[in-house]
Amino acid sequence: NLLFHPLACIPGPLGSRTGLWSWKSTRAVKRDMGWKLLEFHKKYGHEALLCSLSSPQAISQIYRFKHPLKKTEFYDALRDLDGPNLLSTLDNKSHAEMRRAESAAYSLTKMQSEFEGSVQAACGEFLALLDRRIAAMEGKATLDLGEAIQFFAMDAVGRMVLGKSFGLCAGEDRRGWVPLVERILEMSCFLGTQPFLLPFVRWASRRFVDRTNPATLPGFVFSSMENRFESQGADMMYEADRCSDRFNSDSFREMFMQAKNADGSVFSRDQVRAAVYVSSFFEELTMRAMIRYIVGNGRIYDKVQAEIESALVVFPLSYEDACKLVYFQACLKETLRLHPPIPWPLPRTVGVGGLLLSGNHYLAEGTQVSMSPFVVHRQIEAFGSDAGEFRPERWLEVDETHLLEMERKLLAFGTGPRVCIGKNIGLMEVSVVVPVLLGRYRIGFTPRSPAGPHRYRLGRDVDGKGRNDVPYFVTSQWASVQRDFWCDLASRV
Ligand code: HEM
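Residues numbered from 1 in each chain as written. Predicted model: local features only at pLDDT ≥ 70, side-chain atom pairs only at ≥ 80, totals over all residues. Heavy atoms only, no water.

**Q** Hey, could you run me through the site of the ligand in this one?
**A** In the region of the ligand, 24 residues are neighbours, and Y75, H95, R99, R348 and C420 sit closest. In the environment of the ligand, an oxygen atom lies 2.5 Å from a nitrogen or oxygen atom belonging to the side chain of H95. Broken down by secondary-structure element, the contributors of at least two residues to the shell around the ligand are α5 (92-103), α13 (269-295) and β5 (346-349). The element contributing the most residues to the shell around the ligand is α13, with four residues. Its residues assigned to classes, the shell around the ligand comprises 14 nonpolar, five polar and five charged. (Near = heavy atom within 4 Å. Polar contact = N/O pair within 3.5 Å; in protein donor to acceptor, adjacent residues only side chain to side chain. Helix = DSSP H or I, 4+ residues; strand = E, 2+ residues; numbered from the N terminus. Nonpolar A, V, L, I, M, F, W, Y, C, P; charged D, E, K, R; others polar.)

Next comes the structure, spelled out in structure tokens:
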């Protein structure tokens, strides 16, 4: 490996180059992928460590539309027990068929006509939860805002996918359902780095986990979803007959019922479940990061507040109006750049004929190659010498051509034929909720103290640095998850 492998010239840690241990599995266990990979690229340059690339020029080669590179086996770990879903399917042909079948459900018109209503309704529940907490604590609530945002994101996706809220904001997550979803995704990421374990884990899940027995941990997740599918499915049919209220969208459900796998079989419940897990997760990560960056910087907070006040933002805020908040939208882009919800490299396999990388390295067919949004977004040649800083103005002070160039280098939603199909929904959700939150409440980060509610003594930022003034604790695995996000909230009105 070290001497004769075609990639022997690409630098990286010895153990990994000899094939004796998996650097990526270690990152999955230690949950420190983003900053470790960045450190590597700083040390070794644009091409490092088993073909992780950081040069923005390589984006159009690795994630190209024409003769696209196939996803690697890593994604197989994100599939469901019953078969691949849109995110996890490896084969380009079956992906194209699935994507065609599903794309209508995610269209812009569908989003405006139906999903926005679902998100507004979930936002109403979310605000009611915060108001209740503030009232219960005599005008100023100290709460884990990160957790409350998670409830909202799940309730919103419940409304969009199942036509009904999961009721987390109304009843809170008394059954601990939300952290389990996080664990499953983390476990899947680890398995993705050791795909040979997958058949065994799947066999064991089928054999030993009674998915209808809520007494077991995974069984609880599966069965609670199953129950909701059963009961909500019935309720939805009833409601669909009764009224066509725009808050009762069942288009996702219809879409999944019509969607077919490449072999013609219909989507299973596991496949629908995967959409629920994945889709709510990234919005909540974006919302937390955005609040952290805005509220954590007095100058930016004042500018956002001034914009929100002059636009007279109140609940419900339409997506159309949210898009007019120019500075807020720049903050959103800047959040996705500096704190992409998926920092993990997005791996692909080089196809027939190999690939010549910017004239430097020839990658033979079958080579795995990847780019991490976290690393690419910090490249000076793409975003300037202050690429490591949160500076929303960078999106507003450039001309149209330069802006397009910067947007092309933004990998937060992936790019190419496997770009996120839910991008519009994700942007809409964050845009209609965060300005309302910032306009309605005075938000401050709860100071850390021995008597305080924090689990971690120090906060940890998206760059892995532990600091007292960082309001949450970030782990960087497939997703970049923030925990322990305690805030003091008071009503503004
Ligand atoms: C801020 C919100 C979101 C972010 C940052 C995000 C990010 C991403 C990224 C980076 C990918 C590409 C993965 C890869 O190439 O390996 C992806 C794919 C995908 N996302 Fe999202 N996502 C978000 C919201 C959503 C929502 C709301 C949905 C569903 C309603 C969704 C469904 C999907 C699906 C199905 C794919 C696979 C697409 C394909 O392979 O054709 N995402 N997302």
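Moving on from the coordinates now.
**Q** Even after reading the chapter, I still don't get the confidence of the model for the chain, so can you show me in this structure?
**A** Atomic detail in the predicted coordinates should be set aside for any region of low pLDDT. Averaged over all residues, the pLDDT of the chain is 83; the fraction at 70 or higher stands at 77%. Across residues 232-252, confidence stays below pLDDT 50; counting only partners more than four residues off in sequence or on other chains, it has 39 contacts. (pLDDT = per-residue confidence, 0-100. Contact = heavy atoms within 4.5 Å.)

**Q** Can you walk me through the sheet that holds strand β4 (residues 140-144) in this structure?
**A** In a beta sheet, neighbouring strands pair by backbone hydrogen bonds and run either parallel or antiparallel. What the three strands build is an open sheet, ordered β4-β14-β9; its pairing is antiparallel. The open sheet has two free edges, formed respectively by β4 and β9 (441-445), since each of these has just one partner strand. On average, each strand axis in the sheet is inclined to that of its neighbour by 25°, with strand direction left out of account. Of the strand pairs in this sheet, β4 and strand β14 (residues 486-491) are connected by five bridges, and their pairing is antiparallel. (Pairing = 2+ DSSP bridges. Axes fitted to C-alpha atoms, helices over the stretch in contact; angles between N-to-C directions.)

**Q** Would you mind showing me how to read the packing of aromatic side chains here?
**A** Pairs of aromatic rings are described using the distance from one ring centre to the other and the angle between the two planes. Enumeration over the complete set of coordinates arrives at twelve aromatic pairs. Taken together, a centroid distance of 5.6 Å and an interplanar angle of 70° make the contact between F282 and W478 edge-to-face. Taken together, the positions of F282 in helix α13 and W478 in the loop between β12 (473-476) and β13 (480-483) put the pair 196 residues apart, joining distant regions of the chain. For F282, a relative accessible area of 18% translates into the label buried. For W478, a relative accessible area of 4% gives the class buried. Ring pairs connect the aromatic residues F74, Y75 and W344, which therefore count as one cluster. Directly above the ring of W23 sits R27, whose terminal nitrogen or CZ lies 4.9 Å from the centroid. (Phe/Tyr/Trp six-rings, centres within 6.5 Å; stacked < 30°, edge-to-face > 60°. Buried < 20%, exposed > 50% of the residue type's maximum accessible area, 1.4 Å probe, protein only. Lys NZ or Arg CZ within 6 Å of the ring centre and 35° of its normal.)

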